[in-house]
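# A look at the structure
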Amino acid sequence: MAQLVTETLYDTDFNLWIAATAKQLKDRDFQAVDLENLIEEIEAMGRSQKRELKSRSVILIMHLLKWKYQPQKRTNSWLSTIAEQRRELMFLLEDSPSLKSLLEQGIEGYYRYAQKEATQETNLPLCTFPSECPFSTEEILDPEYFPG
């Protein structure tokens with residue numbers, strides 16, 4: 001009966017489902033846990049962190065490119081965006097250090113997205129930017145680093 005109630009909660013009141021599931025786990029009432037939906041949510045959390053890593057990396061790299069290749073247009077807004085993306089990436093990596101290897105492995109792919117977005121935002125030709133990411137992972141994350 002409890003299984004049926006929590007499965008219904010998952011579809012009708014997600015927040016209440018979370019509270020009920022947490023209580024069931026704390027009480028070690030494993031028979032009542034809506035295991036299928038719990039597994040789905042845990043997997044979704046992992047995908048969400050990876051998506052956030054990619055998104056923030058692309059935004060940060062794009063702004064570093066703009067900073068480097070359009071020095072005459074540098075603004076406090078760019079500084080703020082660079083600082084915010086670095087801060088949020090550092091928080092993400094503090095919570096999940098294993099994501100750093102994904103950042104290092106994915107940097108060239110993230111760079112290609114950033115390169116295209118920088119081209120759109122700056123109206124500079126794609127060939128303005130190097131074919132490979134000109135920034136190391138350490139530079140990308142370093143709050144003191146600004147290219148050019």
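Please refer to the structure placed before this passage.
Looking now at the environment of Glu 41. Along the chain, Glu 41 turns up in helix H3 (residues 35-69). The spatial distance from the C-alpha of Glu 41 to the C-alpha of Gln 85 is 26 Å, given a sequence separation of 44 residues. Once you skip the residues sitting within four places of it in the chain, Glu 41 turns out to touch Tyr 10, Phe 14 and Trp 17.

Right, let's get into the side chain of Gln 70. When you line up the elements, Gln 70 lands in the loop between H3 and helix H4 (76-95). The residues touching Gln 70, leaving out its near neighbours within four places in the chain, are Leu 65, Trp 78, Thr 122 and Leu 124.

Inspection of the entire model under this criterion finds four salt bridges. Across the salt bridge formed by Arg 56 and Glu 52, the nearest N and O atoms sit 2.9 Å from each other. Placement of both Arg 56 and Glu 52 in helix H3 is noted, with a separation of four residues, approximately one turn of the helix. Take Arg 56: its relative accessible area is 18%, and that puts it in the buried class. Salt-bridge contacts for Lys 66 lead to Glu 121; the nearest nitrogen and oxygen are separated by 2.6 Å. With Lys 66 in helix H3 and Glu 121 in helix H5 (residues 99-122), this residue pair connects regions lying 55 residues apart in the sequence.

Before going further, it helps to examine the nonpolar core. One recurring pattern in soluble globular proteins is that nonpolar side chains are buried together. Formed by 26 residues in total, the largest nonpolar core has its most connected members in Leu 53, Ile 61, Leu 65, Leu 103, Phe 135 and Ile 140. Among the secondary structure elements, those contributing two or more residues to this core are H3, H4, H5 and helix H6 (137-141). Top element by residues in this core is H3. It accounts for eight residues. Excluding anything up to four places from it in sequence, Leu 53 contacts Leu 89, Leu 92, Leu 93, Leu 99, Leu 102, Leu 103 and Tyr 110. Counting residues in each nonpolar core, the second largest holds five residues, with Leu 9, Tyr 10, Trp 17 and Leu 38 among its members.

Here we take up H4. Given 3.6 residues to a turn, an α-helix orients residues that are three or four positions apart in the same direction. Here H4 spans 28 Å end to end across 20 residues, near enough to the 28 Å set by a 1.5 Å rise per residue. Restricting attention to buried positions, one finds in H4 the residues Trp 78, Thr 81, Ile 82, Gln 85, Arg 86, Leu 89, Leu 92 and Leu 93. Along the axis of H4, the buried residues cluster in a sector spanning 125 degrees; they form a single face. Facing away from the buried surface of H4 by more than 90 degrees, the exposed residues are Asn 76, Glu 94 and Asp 95. The inward-facing, buried residues of H4 abut H3, H5 and H6.

A separate point is the state of the cysteines. Applying the stated criterion across every chain, the model contains zero disulfides. The thiol of Cys 127 is unpaired, and the distance to the nearest cysteine sulfur, on Cys 133, comes to 18 Å. Since its relative accessible area comes to 13%, Cys 133 is described here as buried.

Rules of the game
Position numbers for residues count from 1 along each chain, tracking the sequence in the order it is written. The predicted origin of the model limits local features to residues at a pLDDT of at least 70 and limits the giving and counting of side-chain atom pairs to 80 or more, whereas totals for whole chains, interfaces and linings rest on all residues. Just so you know, side-chain values use all the structure's heavy atoms and leave hydrogens and water out. Starting at the N terminus, helices and strands are each numbered in turn, a helix being any DSSP run of H or I of at least four residues and a strand any DSSP run of E of at least two. Residue contacts are defined here by distance: any two heavy atoms, one from each residue, within 4.5 Å place the two residues in contact. Every case where a carboxyl oxygen of Asp or Glu lies within 4 Å of a side-chain nitrogen of Lys or Arg is listed as a salt bridge. Partly exposed describes any residue whose relative accessible area lies between the buried limit of under 20% and the exposed limit of over 50%, with all areas from a 1.4 Å probe on protein chains only and scaled to the type maximum. Definition used in this section: a nonpolar core is a set of buried Ala, Val, Leu, Ile, Met, Phe, Trp, Tyr and Cys residues joined via side-chain atoms within 4.5 Å. The span one expects for a helix is its residue count, reduced by one, times 1.5 Å. Working note: the arc is built from the helix axis to C-beta atom directions. For the purposes of this analysis, a disulfide is any pair of cysteine sulfur atoms at a distance within 2.5 Å.

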